[in-house]
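Now for the letters of each chain:
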Amino acid sequence: MAATNPAANDGGKVDRILETVTRLERSVQAMGKAQKSPGGTVDVIVGAQWGDEGKGKLVDIMSADYEICARVAGGSNAGHTIVVNGKKYKFHLVPSGILNPHAHCVVGNGVVVHLRGLLQEIGELKAAGVDYQGRLFLSDRAHIVFDFHQTIDGLNEKQLAGNKLGTTHKGIGPAYSSKTMRNGLRIGDLRDMEFFEQRLRGLVAQLERSYPGFKIDVEKELAYYRSIREEILSMTIDTISYTNAALKQGKRVLIEGANATMIDLDFGTFPYVTSSNPTVGSVCTGLGVPPTVVGSICGIVKAYCTRVGEGPFPTELEDATGERLRASGGEFGTTTGRPRRCGWIDIPQLRYAAMINGFSEINLTKLDVLTGFHEVKIGKRYLLKGEEVTGMPSSLREYAQVVMEYEVMPGWTEDISKVKRFEDLPANCQAYVLRLEELIGVPIRWIGVGPGRQDLIERK
Ligand code: IMP
């Protein structure tokens, strides 16, 4: 309570003002305390484009410094390949931090999990000598992707025919639909098989009603889930309490972003998007941690641009240059093997991604793929009927009509794959990176110059 001011003859006005000031001071102090998390932090890696930016490598390098690596959204539609000592590891659901023997890995509540696929992935890791026992935890709240969700994914695409979305057929959309319809099943439901059976019968009945002629063998499904129940439950925990307790102890958490900003259900090129939010918001909703614990947010940006599936792509190159990018960059899907559509880097799209995610830094990947091009182009501005478009059009029809204005820069021919310091890159290559940094407005901290773990430049 503020002291009374005896000199004032104002009916208590000054006192009330002083009281208000004291109250405001206190709430600002409290906010300061709330903003500064006393424990560990959650650092985030997010795909900035349409996916396949090469998130895996930075995750692999960074995970060595983290006690916990987590996935928070998406499912087995994601995929990254990590090369360690010439050996390739393919990941779809398991956080790739599992390769760091000291890290614990969490599959958060926001992920949809195809348990059959997960067991297969674990089996492959085991065969490759990766010991995951006691280090991999599944959220009891994460929803299950059933085989029939995958079948329905295919049926939906077939029905859409010429308007198909080009999904990965991994059952992602149908599984998230069951979640939002509130008749999906969660991994924790396996703890009570009577309840599981009741829920499964309900879900199957609803889907069979929605897809006339589609039959699901419930008994076979139940038998399968009874057979894997014990193994799955041995990894299933309350990941919310676990992660928050770890943060309180000062442990550090790394979020392995899956999918990417432009295929975000809300912010991407809807409807040509996935069914989750691969952007930064899922750190809170897909793991159950408060925003106050979020530390650095690193955007992964490929030095050019690719997209799989359908939908507009303003810088797409449907010519020999695009073919060359695909061949040099090995642009074929990890999950589906599909050839990726290729094009030049898109600055308005990257500014949009930086705005939504609040990138504190960028990892520019696959810069070596541009080596040997006589010139490199930067898509700088979107024009619609000759006018500059500010922001990202929400209308897909408008977006499909934007014309890109390019800035052309001279290329480089020197091999950069063994370069360790930014200063040692060819001058034209440095100029390209610096121009991207200037246009995006976020520091480019890491630069990938080759596929191996060691082929990375860190700018201090
Ligand atoms: P879904 O996630 O399988 O439903 O597919 C929806 C759209 O997102 C399709 O265009 C997919 O190709 C695309 N997509 C999903 N996951 C990824 C990814 O990890 N990288 C790139 N594209 C993806």
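Residues numbered from 1 in each chain as written. Predicted model: local features only at pLDDT ≥ 70, side-chain atom pairs only at ≥ 80, totals over all residues. Heavy atoms only, no water.

## Thoughts on the side chain of histidine 149
Relative to the helices and strands, histidine 149 is located in helix α4 (residues 147-160). Setting aside chain neighbours within four positions, we find histidine 149 in contact with Ile144, Gly171, Pro174, Ala175, Ser178 and Leu203. (Helix = DSSP H or I, 4+ residues; strand = E, 2+ residues; numbered from the N terminus. Contact = heavy atoms within 4.5 Å.)

## Here we look at the layout of surface pockets
One number sums up the size of the second largest pocket: a volume of about 260 Å³. Surrounding the second largest pocket, 13 residues form its lining, His92, Gly117, Gln120, Glu121 and Lys170 being those nearest its centre. Here the lining of the second largest pocket is composed, by residue class, of one nonpolar, seven polar and five charged. (1 Å grid on protein atoms, 1.4 Å probe; cavity = no way out; pocket = protein on both sides within 12 Å on 5 of 7 lines; lining within 4 Å. Points joined across faces, edges and corners; volume = space filled by probe spheres on them. Nonpolar A, V, L, I, M, F, W, Y, C, P; charged D, E, K, R; others polar.)

## Observations regarding the site of the ligand
What surrounds the ligand is a group of 16 residues, the closest being Asn77, Thr168, Asn259, Thr274 and Arg338. Between the ligand and arginine 338 there is a distance of 2.9 Å, counted from an oxygen atom to a side-chain nitrogen or oxygen. For the ligand, whose accessible area on its own is 470 Å², the fraction buried by protein is 96%. By residue class, the composition of the shell around the ligand is six nonpolar, eight polar and two charged. (Near = heavy atom within 4 Å. Polar contact = N/O pair within 3.5 Å; in protein donor to acceptor, adjacent residues only side chain to side chain. Areas by Shrake-Rupley, 256 points an atom, 1.4 Å probe, with all protein chains shown as cover.)

## Notes on the pairing of strand β4 (residues 87-91)
Inspection of the sheet shows strand β3 (residues 80-84) paired to β4 by five bridges, in the antiparallel sense. Its bridge partner being in β4, threonine 81 is matched across the sheet by lysine 90. Where β3 hands over to β4, the hairpin turn is made up of two residues, of which asparagine 85 adopts a positive phi near 50°. (Pairing = 2+ DSSP bridges.)

## What about the packing of helix α3 (residues 115-127) against helix α7 (residues 218-233)?
Where α3 meets α7, the axes come as close as 11 Å, and the angle between the chain directions of the two elements is 50°. With respect to their mutual orientation, α3 and α7 come out oblique. By crossing handedness, the relation of α3 to α7 is classed as left-handed. Of α7, the residues touching α3 (which contributes Leu115, Arg116, Leu118 and Leu119) are Tyr224, Tyr225, Ile228, Glu231 and Ile232. Taken together, the residues of the contact of α3 with α7 break down into seven nonpolar, no polar and two charged. (Axes fitted to C-alpha atoms, helices over the stretch in contact; angles between N-to-C directions. Parallel < 35°, antiparallel > 145°, perpendicular 65-115°, else oblique. Left-handed = near helix turned anticlockwise from the far one by under 90°.)

Geometry only, nothing functional implied.
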